[in-house]
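Here are the chains, one letter per residue:
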Amino acid sequence: MTSLHNDRLLRAIAREPVDMTPVWLMRQAGRYLPEYREVRKQAGSFLNLCKTPELACEVTLQPIKRYPLDAAILFSDILTIPDAMGLGLQFEEGIGPTFAHPIRKKKDINQLTIPNPTQDLAYVLDAIKLVKKMLANQLPLIGFCGSPWTIAAYMVEGRANPGFPLIRKMTKTDPALLHVLLEKLAQAISLHLQAQIQAGVHVVMIFDTWGGMLDNQDYQQFSLHYVQQIVADIKNNEAVHKTPVILFTRAGNQWLELMAQVGCDVLGVDWGISLAEARRRVGSTVALQGNIDPAFLYQSPEEIKQAVAGTLAAYGHGSGHIFNLGHGIPQDVSPEHVGILINAVHELSRPYHTN
Ligand code: CP3
């Protein structure tokens, strides 16, 4: 791999010394940026934006141009896979994602075919190649996917419905059929992630946004099991196995030890746990990413800096921390406050990296 001008993220993942704690933010390219809203308008819809590599590349780079971030994350969405499976994805203003053909019956699931990433998701790979060219080895690029459980939750429900009652019912009424769906998704996601790595991303992240709604046993059998399969596929393929994997399960802090055992390199954590406790529990096996509550971005610059200081102090001395929010940037925060947070991470973290 060609060496990067800024390799803080990769060094923190490997728990090698860094000068400052690296920082990037979930949803760093998004509606809180006026320049994003402008390009989105031009694209006509969120999905068109994702499917036009030049525009996806442009919005991926927008936060990089504004702020001294330590990584870019590809602009795309976890629901591109079910879209490629033919479910008829749409993003409606104020409603979020909806599927014209949700998956509820045995027939629907049996008919699903696994997309070929180089054909059916070529626009994602093309966007990666463009971003890589534009980044010119300045920064690492993060690729991503959703977990099978999280993607299945949207596919079965057909929309973003809090609590996702239909898939939760299915865990009890037809677990065998649900496993067929999850197995197919695990294969599709695994292929897609490996194709993203082949196209050039330096790190991949698995978003398990809805794993935290399950009880302990169900989390392990319906979510973590399939994540483990995807990570194993990456680690067993010599062409991609060196690419680090970040696993983020929102509201999943009770399972940190289990997650650390699936072979991933980094665990993303939300604000439900202090980084001090998370590090005590898993710190010697994986790096940690997180974990400030995005709501701090609504506070004053002074309060934002205090929150950053508290998060850095909780992790403590040494490498292995990637600063992030515990979930995505809300759409109505001020871009100026986002900049204050990013600068504060760099300024305030230096003392934690001296010998
Ligand atoms: O983080 C980034 O900057 C990279 C791009 C990215 C998006 N979605 C862009 C997006 C990433 C990594 C995602 C992941 C994603 N998508 C997740 C997992 C992370 C999380 O948020 O929990 C999930 C659950 C989705 C599915 C999804 N996409 C939903 C439920 C919505 C609607 C809610 C919302 O925020 O509007 C989206 C739309 C979406 N994905 C937007 C962006 C920038 C907003 C689209 C717009 O209206 O312009």
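Look above for the structure.
The structure contained in this document is the topic of the report that follows. Please read all numbers here as calculations on a predicted model, not as lab measurements.

To continue, consider the layout of surface pockets. Which parts of space are left empty comes out when a probe the size of a water molecule is rolled across the atoms. Roughly 1,300 Å³ of volume is contained in the largest pocket. In this structure, the largest pocket is lined by 41 residues; those nearest its centre are Arg27, Arg31, Phe46, Asp77 and Phe91. Elements supplying a minimum of two residues to the lining of the largest pocket: α2 (34–43), β2 (89–92), β3 (96–99) and α9 (148–157). Among the residues making up the lining of the largest pocket, the classes are represented as 23 nonpolar, 11 polar and seven charged.

A word on the pairing of strand β9 (residues 321–325). Successive residues of a regular strand alternate their side chains across the two faces of the sheet. The buried fraction of β9 amounts to five of the five residues, a majority that puts the element mostly inside the structure. Every second residue of β9 is oriented toward a common face, with His321, Phe323 and Leu325 on one face and Ile322 and Asn324 on the other, all of them buried. Across five bridges, strand β8 (residues 287–292) lies against β9 in parallel orientation. Residue Gly290 lies in a different strand from β9, and its bridge partner there is Phe323. Each parallel crossover has a hand, and the one from β8 via helix α15 (residues 301–315) to β9 is right-handed.

Right, let's get into the pattern of salt bridges. Here the structure, examined in full by the defined rule, presents 10 salt bridges. A salt bridge links Glu93 to Arg40; the shortest N-O distance between them is 3.6 Å. Linking Glu93 in the loop between β2 and β3 with Arg40 in helix α2, this pair joins segments that are 53 residues apart in sequence. Judged by relative accessible area, which is 63%, Glu93 ranks as exposed. A salt bridge links Asp83 to Lys51, with the shortest nitrogen-to-oxygen separation between them at 2.7 Å. You can see Asp83 sitting in helix α5 (residues 80–84) and its partner Lys51 sitting in helix α3 (residues 46–51), a full 32 residues away along the chain. The class for Asp83 is buried, based on a relative accessible area of 15%. Through salt bridges with shared partners, a single network forms among Arg8, Asp19 and Asp70.

With that settled, consider α15. Along its 15 residues, α15 runs 22 Å from first to last C-alpha, staying within 8% of the 21 Å computed at 1.5 Å per residue. Here α15 has its buried residues at Ile304, Ala307, Val308, Thr311, Leu312 and Tyr315. For α15, the angular spread of buried residues about the axis comes to 135°, placing them on one side. In this fold, the buried residues of α15 make contact with α14 (275–282), β8, β9 and α16 (335–349). Of the residues trailing α15, Gly316 is marked for its positive phi of about 90°.

Here we come to the packing of helix α10 (residues 165–173) against helix α11 (residues 175–199). Contact pair α10 / α11: the axes reach a minimum separation of 6 Å and the direction vectors enclose 120°. The orientation of α10 relative to α11 falls into the category oblique. Taken together, the residues of α11 that come into contact with α10 (itself represented by Ile167, Met170, Thr171, Lys172 and Thr173) are Pro175, Leu177 and Leu178. A class-by-class count of the residues in the contact of α10 with α11 yields five nonpolar, two polar and one charged.

This part covers the sheet that holds strand β7 (residues 266–268). Judged by pairing direction, the sheet is parallel, and its seven strands sit side by side in the order β1-β4-β5-β6-β7-β8-β9 without closing on themselves. The sheet is open, and its two edges are formed by β1 (72–73) and β9, each paired on a single side. Each of β7, β8 and β9 is contacted by α14, which is oriented at about 160° to β8, the strand it contacts most.

Our focus in this paragraph is the site of the ligand. The environment of the ligand is made up of 22 residues, and the closest members are Arg27, Arg31, Tyr36, Arg40 and His327. In the environment of the ligand, an oxygen atom lies 2.7 Å from a nitrogen or oxygen atom belonging to the side chain of His327. In isolation the ligand exposes 870 Å². Once the protein is present, 88% of that is buried. More than half of the atoms belonging to the ligand lie within 2 Å of the grid points that define the largest pocket.

Rules of the game
- Residues numbered from 1 in each chain as written.
- Predicted model: local features only at pLDDT ≥ 70, side-chain atom pairs only at ≥ 80, totals over all residues.
- Heavy atoms only, no water.
- 1 Å grid on protein atoms, 1.4 Å probe; cavity = no way out; pocket = protein on both sides within 12 Å on 5 of 7 lines; lining within 4 Å.
- Points joined across faces, edges and corners; volume = space filled by probe spheres on them.
- Helix = DSSP H or I, 4+ residues; strand = E, 2+ residues; numbered from the N terminus.
- Nonpolar A, V, L, I, M, F, W, Y, C, P; charged D, E, K, R; others polar.
- Buried < 20%, exposed > 50% of the residue type's maximum accessible area, 1.4 Å probe, protein only.
- Pairing = 2+ DSSP bridges.
- Right-handed = clockwise from strand over helix to strand, strands pointing away.
- Salt bridge = Lys/Arg side-chain N within 4 Å of Asp/Glu carboxyl O.
- Expected span 1.5 Å × (residues − 1).
- Arc of directions from axis to C-beta.
- Contact = heavy atoms within 4.5 Å.
- Axes fitted to C-alpha atoms, helices over the stretch in contact; angles between N-to-C directions.
- Parallel < 35°, antiparallel > 145°, perpendicular 65-115°, else oblique.
- Near = heavy atom within 4 Å.
- Polar contact = N/O pair within 3.5 Å; in protein donor to acceptor, adjacent residues only side chain to side chain.
- Areas by Shrake-Rupley, 256 points an atom, 1.4 Å probe, with all protein chains shown as cover.
- Sits in = over half its atoms within 2 Å of the grid points.

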